[in-house]
Each structure stands twice: as C-alpha cells, then as structure tokens.
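Inside the fold
Here is what each chain is made of, one letter per residue.
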Amino acid sequence: MNRKVYIQSAGFSPDQDYTWITYEGGLYKQEKPDYLYEMNYIVQSEAFSVVLACHKKNIILLVTGLKTKDRKDYHGRSIRNSIAWVSSYEEQKKFRELAAEIIIDSITEKKIWDYIDDAVKDAGNTWGYEVDSQKLIDLLDKEKVEIKNNIPVTYEEIRKKYCKNNRIAKNNPFRLKELACELIYCDDKIFGNILKRNSSIIIAVTDKKSKDKFIEKNVFRGLSNLVDSDDWIDLSQNKNNYILLILLLGIIIILFFVIKILRS
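Below or above, wherever it landed, is the structure these notes cover. Residue numbering note: each chain is counted from 1, following its sequence as written. The model is predicted, so local features are restricted to residues of pLDDT at least 70 and side-chain atom pairs to those at 80 or more, both for listing and for counting; the totals for chains, interfaces and linings are taken over all residues. Only heavy atoms go into the side-chain values, all of them from the structure, while hydrogens and water stay out.

What follows deals with the pattern of salt bridges. Opposite charge on two side chains permits them to pair, given that their charged atoms come into close proximity. The rule for a salt bridge is simple: a side-chain nitrogen of Lys or Arg has to be within 4 Å of a carboxyl oxygen of Asp or Glu. Tallied over the full model, the rule gives 14 salt bridges. With its nearest N and O atoms 2.7 Å apart, the salt bridge here joins Glu178 to Arg175. Linking Glu178 with Arg175, this pair stays in helix H7 (residues 173–185), spanning three residues, or about one helical turn. Neither residue differs from the other here; Glu178 and Arg175 are each classed as buried. Across the salt bridge formed by Arg175 and Asp231, the nearest N and O atoms sit 3.0 Å from each other. One end of the pair, Arg175, is in helix H7; the other, Asp231, is in the loop between strand S11 (221–224) and strand S12 (233–234), with 56 residues separating them in the sequence. Members of the salt-bridge network, linked through shared partners, are Arg3, Glu91, Lys94 and Asp141. Runs of H or I in DSSP of at least four residues are treated as helices and runs of E of at least two as strands, each being numbered from the N terminus. A 1.4 Å probe rolled over the protein chains alone gives each residue an accessible area, and that area as a share of the maximum for its type sets the label: buried under 20%, exposed over 50%, partly exposed in between.

In structure tokens, the structure reads:
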C-alpha cells in the first residue's frame, strides 16, 4: 500500500513561513498533497477542520488548525499544524475510522492533537521543523479507543435510519458524534458510490464556511458554524422544494395567461 503523509507547519524565523513538506526516500521535500485547493476551499483552514475526500482513486484525510503546545513563531504566536494522509481507495475504512476518531477527539481530550504535536519538532533545516512521518502513518493502524468509548454499539442498530442524501448542519458536539457514527457504521455501498466519482468531498467539518460552499461542492456531510440549523438539512429535500416552487410558479403564470385570453 502506497501510504503517504504530508505536514504543513512553520519554524521560528520570519523566513520559515507555513510550508507543506513530506518525507520520502529518506529525504524531506517541499510538496503539497493533490486536491489541496479544493479541500481548503470547503473549510476554514486556519481553524480546526476535517476533510475526507477522494481524488484519482486515492482517499485523502486532511486535518487543519491543530494548535501546538510549545512551538512558537518569532511573534510569540502558537504554531498550528495541518496534516494530510493519502492512500488508495482500498484503505477507505481505516481512513473513515481515523476521521471519526479525530472528530470525537476534538470534543473530548484532544489526545490525537497531542500525538501529532509530538511528531512535529523544531529543527535547524530550511523549514524550521521536521516530522516523524512513520509515527503519523501508524495512526491509521492504531486501535480507535475514543470511538469505542464514545459511540455506543446501539448506533449500529439504527444506522439504516441515516439517509443516503447529502446533509449539512451547524457544527456542534451532538452532530459531530453523529457524523463520527456515520463514518463508522454507514453502509459501505454509500461510500463506494461516492468513491466511484473521480473527485469528491465526502465530509467537511469546520468553523466558518457558508452552506453554499457545501452545496456547490456536493459535500456528502458538512458541519459549519455558519449553517443556520442545529438539525440536519437534507439538501435533496431542499432541491425538491425548489423544483416544486418553480413548477408552481410556472402553473401560476400559465393560468394567468389562460384567464387573460378567456377575458379578452
């Protein structure tokens, strides 16, 4: 399996600004993950965000805005880490589990944040930091403790109640837990159909992004504080309502002209 991990971080010096690097063949090199622009477009990347996407038969998990505990820049500001895991479609279940674990962790103790923080250290190289890439790749194989502790087994019994349509809601702990549940227990066929697309955003969790961005990018599940509903909004229902409204307006216009003709 061709797993790869990318890290965006910064060093202390003014010329060591935020840069994406990866570790390959025993060497660090500056390189951004594919599909980064589209994933960043759908989230506020400066804040904690999670994006699960597929692109060119790869599955990608992007996590942004992880504040470090001890690393500071020359202004004394806490440096933030972003990380992207990339592998083939065959590993989508492990990617879904890791995404769910990170989402659950964001509302509890943030242990994974600390784990990632420990894997990124200050260094005297060009970028001002170095990465233990293997430690981060190993996260895909670690037992997902937070999921087992926070998602009851009974969720599996009600997973069929989750609709197959795209849905969005306000970002809050209850919806985060539901989303994590869906990632674990959702029917594989649903994800399989999504993965058949060449490129697609599967889930997007962020602080401030408008629901219009989620709709534009056809996101399967989206959570943002700018969505104005605490309950899930079924986007297909909204689309159906829009079509019905157009049809109704069309009927009214036709009736108007019919009545006008009859009166003339």
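Attention now goes to the packing of aromatic side chains. Classification of ring pairs uses Phe, Tyr and Trp, with its six-membered ring standing for Trp, and accepts pairs whose centres are within 6.5 Å; under 30 degrees between planes counts as stacked, over 60 as edge-to-face, and the remaining range as tilted. Per the counting criterion, the structure on display carries three aromatic pairs. Here the aromatic rings of Phe48 and Trp113 are separated by 5.0 Å at their centres, their planes lie at 40°, and the arrangement is tilted. Pair noted here: Phe48 is in the loop between helix H1 (36–41) and strand S4 (49–55) and Trp113 is in helix H3 (residues 111–119), with a separation of 65 residues, a long-range link. Accessibility assignment for this pair places Phe48 and Trp113 in one class, buried. Over a ring means this: the NZ of a Lys or the CZ of an Arg is within 6 Å of the ring centre and within 35 degrees of the ring normal. We note Lys209 situated over the ring of Tyr41; from NZ or CZ to the ring centre the distance is 5.8 Å. Sitting above the plane of the Trp232 ring, Arg221 keeps its charged end 6.0 Å from the centroid.

A few words on the nonpolar core. Core analysis: the biggest nonpolar cluster contains 53 residues, and Leu61, Trp85, Ile102, Ile103 and Leu136 have the highest contact counts within it. Residues grouped as a nonpolar core are buried Ala, Val, Leu, Ile, Met, Phe, Trp, Tyr and Cys residues, joined through side-chain atoms within 4.5 Å. Residues Tyr6, Ala53, Ala84 and Ala204 belong to the second largest nonpolar core, which totals 21 residues.

Moving on: the sheet that holds strand S3 (residues 27–30). Pairing within the open sheet is mixed, and its ten strands lie in the order S3-S2-S1-S6-S5-S4-S10-S11-S9-S12. This sheet does not close on itself; its edge strands, each paired only once, are S3 and S12. At least two DSSP bridges between two strands are required for those strands to pair. Sheet topology places S4 next to strand S5 (residues 58–72); seven bridges connect them, and they run antiparallel. Paired with Ser49 across the bridge in S5 is Thr64. Relative to strand S10 (residues 199–205), helix H8 (residues 188–195) is tilted by about 125°, and along the sheet it contacts S4, S5 and S10. Between two residues, a contact is recorded if the distance between any of their heavy atoms is within 4.5 Å. Angles run from 0 to 180 degrees between N-to-C directions of axes, and those axes are lines fitted to C-alpha atoms, restricted for helices to the stretch in contact.

Along H8, the positions that sit buried rather than exposed are Ile190, Phe191, Ile194 and Leu195. One side of H8 holds all its buried residues, which, seen down the axis, span an arc of 135°. The inward-facing, buried residues of H8 abut S4, S5, helix H2 (92–105), H7 and S10. Working note: the arc is built from the helix axis to C-beta atom directions.

On to the packing of H2 against H7. Packing of H2 against H7 leaves a shortest axis separation of 8 Å and a crossing angle of 165°. When the axis of H2 is compared with that of H7, the two are roughly antiparallel. Judged by the twist between their axes, the crossing of H2 over H7 is left-handed. In this structure, H2 uses Lys93, Arg96, Glu97, Ala99, Ala100, Ile103 and Ile104 to contact H7, whose residues at the interface are Leu176, Lys177, Leu179, Ala180, Leu183 and Ile184. Gly is placed with the polar residues, together with every amino acid not listed as nonpolar (Ala, Val, Leu, Ile, Met, Phe, Trp, Tyr, Cys and Pro) or charged (Asp, Glu, Lys and Arg). Of the residues that constitute the contact of H2 with H7, the class distribution is nine nonpolar, no polar and four charged. Roughly parallel covers angles under 35 degrees, roughly antiparallel covers those over 145, roughly perpendicular covers 65 to 115, and oblique covers all other angles. Here is the rule for handedness: rotate from the far helix to the near one, and if that takes an anticlockwise turn smaller than a right angle the crossing is left-handed, while a clockwise turn gives right-handed.

Taken N-terminus to C-terminus, the directions of H2 and H3 make an angle of 110°; their axes are 7 Å apart at the nearest point. It follows that H2 is roughly perpendicular to H3 by the angle criterion. Facing H2, whose interface residues are Glu101, Ile102 and Asp105, H3 presents Lys111, Ile112 and Trp113. Partitioned by chemical class, the residues of the contact of H2 with H3 number three nonpolar, no polar and three charged.

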